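# Structural characterization, general
Here is how the chains run, residue by residue.
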Amino acid sequence: RRGGYMELQNFDPAVQEQIYKMVSIGLCSNISGQVMVDCMVKPPVEGEESYPLYAQEMEKLYTSLLVRSQKLSKALTTMTNVTCSPINGALYAFPTINLPRKAVDAAKLAGMPPDTFYAVELLDNTGICVVPGNGFKQQAGTYHFRTTFLPGEEKMDMVIEKLRSFNEGFMAKYAGDA
């Protein structure tokens, strides 16, 4: 399924109409995608028959996301050489990883930035995909990665345990002076 959404503000209405026409010609999603986007931008309102179910589902979703974000943030802060601020609002955590000198040197030998090296090793060893922080213009000499807490609640403990186990092994492997 796919859907798209575009909003124009502060455009002359005639110009806006022409832009919408041009976009509509080139981008026509399937029926389910159109219905999905319509529901997204016009959710049920109080008083409509479907509102109680919608409100219940939204509350369940928000509560689940909150539980997962707190669980991930708390777990990251307990891992060796990892710090993470509480997750507020986004679907991402952006922890700092304090990489040992041996890991930084191994990354250089592999021709990768250190946090990319960590991310590739994590992917190779666990199947967990994170985004290295070097793509986010981080401060020189610091290392990060971006991860999400979108796996379902039933999978979060397993994902966290895989991440923890990998991190502990990685940090032990590269511990000590170079």
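Quick summary incoming for the structure in this document. Since the structure is predicted, the reported quantities are computational estimates derived from the model, not experimental observations. (Residues numbered from 1 in each chain as written. Predicted model: local features only at pLDDT ≥ 70, side-chain atom pairs only at ≥ 80, totals over all residues. Heavy atoms only, no water.)

### A word on the overall build of the chain
- If you tally the helices and strands in the chain, you get 6 helices and 5 strands.
- Across the chain, helices and strands are ordered from the amino to the carboxyl terminus as α-α-α-β-β-β-α-α-β-β-α.
- A compact globule built from 178 residues should have a C-alpha radius of gyration of about 16 Å, whereas the chain, at 22 Å, is more than 25% larger.
- Counting only C-alpha atoms, the chain reaches 65 × 40 × 25 Å along its principal axes.
- When the 178 residues of the chain are sorted by exposure, 29% land in the buried category.
- Considering only residue pairs separated by 6 or more positions, the chain has 60% of its internal contacts joining residues 24 or more positions apart.
- In the form shown here, the chain has an accessible surface area of approximately 11800 Å², with 57% of it arising from carbon and sulfur atoms.
- Across the chain, the 17 positively charged side chains and the 19 negatively charged ones have centroids separated by 8 Å. (Helix = DSSP H or I, 4+ residues; strand = E, 2+ residues; numbered from the N terminus. Rg over C-alpha atoms; globule rule 2.2 N^0.38 Å. Buried < 20%, exposed > 50% of the residue type's maximum accessible area, 1.4 Å probe, protein only. Contact = heavy atoms within 4.5 Å. Areas by Shrake-Rupley, 256 points an atom, 1.4 Å probe, with all protein chains shown as cover. Lys, Arg positive; Asp, Glu negative; His and termini not counted. Charge placed at Lys NZ, Arg CZ, Asp CG, Glu CD.)

### Observations regarding helix H6 (residues 153–173)
- End to end, H6 covers 31 Å across 21 residues, agreeing with the expected 30 Å (1.5 Å per residue, within 8%).
- Next to the buried residues of H6 lie helix H3 (51–77), strand E1 (82–83), helix H4 (101–110) and helix H5 (114–126). (Expected span 1.5 Å × (residues − 1).)

### Some words on the side chain of Ser 69
- Residue placement: Ser 69 occurs in helix H3.
- Polar side-chain contacts of Ser 69 include one of 2.9 Å to the backbone oxygen of Leu 66. (Polar contact = N/O pair within 3.5 Å; in protein donor to acceptor, adjacent residues only side chain to side chain.)

### Focus on a nonpolar patch on the surface
- A cluster of nonpolar side chains, namely Leu 91, Tyr 92 and Leu 150, defines an oily patch on the protein surface of about 280 Å² accessible area.
- Topologically, Leu 150 is positioned in the loop between strand E5 (145–148) and H6. (Patch = residues over 30% accessible without salt bridge, like charges linked within 9 Å, V, L, I, M, F, W, Y side chains within 5 Å. Salt bridge = Lys/Arg side-chain N within 4 Å of Asp/Glu carboxyl O.)

### A few points about the state of the cysteines
- Using the criterion set out here, one finds 0 disulfides in the structure.
- Cysteine Cys 84 remains unbridged, with the sulfur of Cys 129 as its closest cysteine sulfur at 17 Å. (Disulfide = S-S within 2.5 Å.)

### Describing the sheet that holds strand E4 (residues 131–132)
- Strand order in this open sheet of 3 strands is E2-E5-E4, and the pairing throughout is antiparallel. If you trace the sheet from one side to the other, it starts and ends with strand E2 (92–93) and E4, each paired once.
- Both E2 and E5 contribute to a ladder of 2 bridges, which runs antiparallel. Bridge assignment links Tyr 92 to a residue of E5, and that residue is Thr 148. (Pairing = 2+ DSSP bridges.)

### Concerning the pattern of salt bridges
- Counted according to the given criterion, the structure contains 4 salt bridges.
- Ionic pairing is found between Asp 157 and Lys 71, a salt bridge with its closest N-O pair at 3.0 Å. Of this pair, Asp 157 sits in helix H6 while Lys 71 is found in helix H3, placing the two residues 86 residues apart along the sequence.
- The class of Asp 157 is partly exposed, set by a relative accessible area of 48%.
- Arg 101 is the partner of Asp 105 in a salt bridge, and the nearest nitrogen-oxygen pair spans 3.5 Å. Highlighted residues: Asp 105 and Arg 101, both in helix H4, separated by 4 residues, approximately one helical turn.
- We classify Asp 105 as partly exposed; its relative accessible area is 28%.
- The exposure class of Arg 101 is partly exposed, given its relative accessible area of 45%.

### Some words on the layout of surface pockets
- Estimated volume of the second largest pocket: approximately 200 Å³.
- Together, 13 residues line the second largest pocket, and Leu 66, Ser 69, Ile 87, Gly 89 and Phe 149 are the ones closest to its centre.
- Looking at side-chain class alone, the lining of the second largest pocket contains 8 nonpolar, 5 polar and no charged residues. (1 Å grid on protein atoms, 1.4 Å probe; cavity = no way out; pocket = protein on both sides within 12 Å on 5 of 7 lines; lining within 4 Å. Points joined across faces, edges and corners; volume = space filled by probe spheres on them. Nonpolar A, V, L, I, M, F, W, Y, C, P; charged D, E, K, R; others polar.)

### Examining the environment of Val 35
- Note that Val 35 resides in helix H2 (residues 31–41).
- C-alpha of Val 35 to C-alpha of Tyr 118: the two residues are 83 residues apart in sequence and 41 Å apart in space.

So far we have only geometry, and geometry alone does not tell us how the molecule works.
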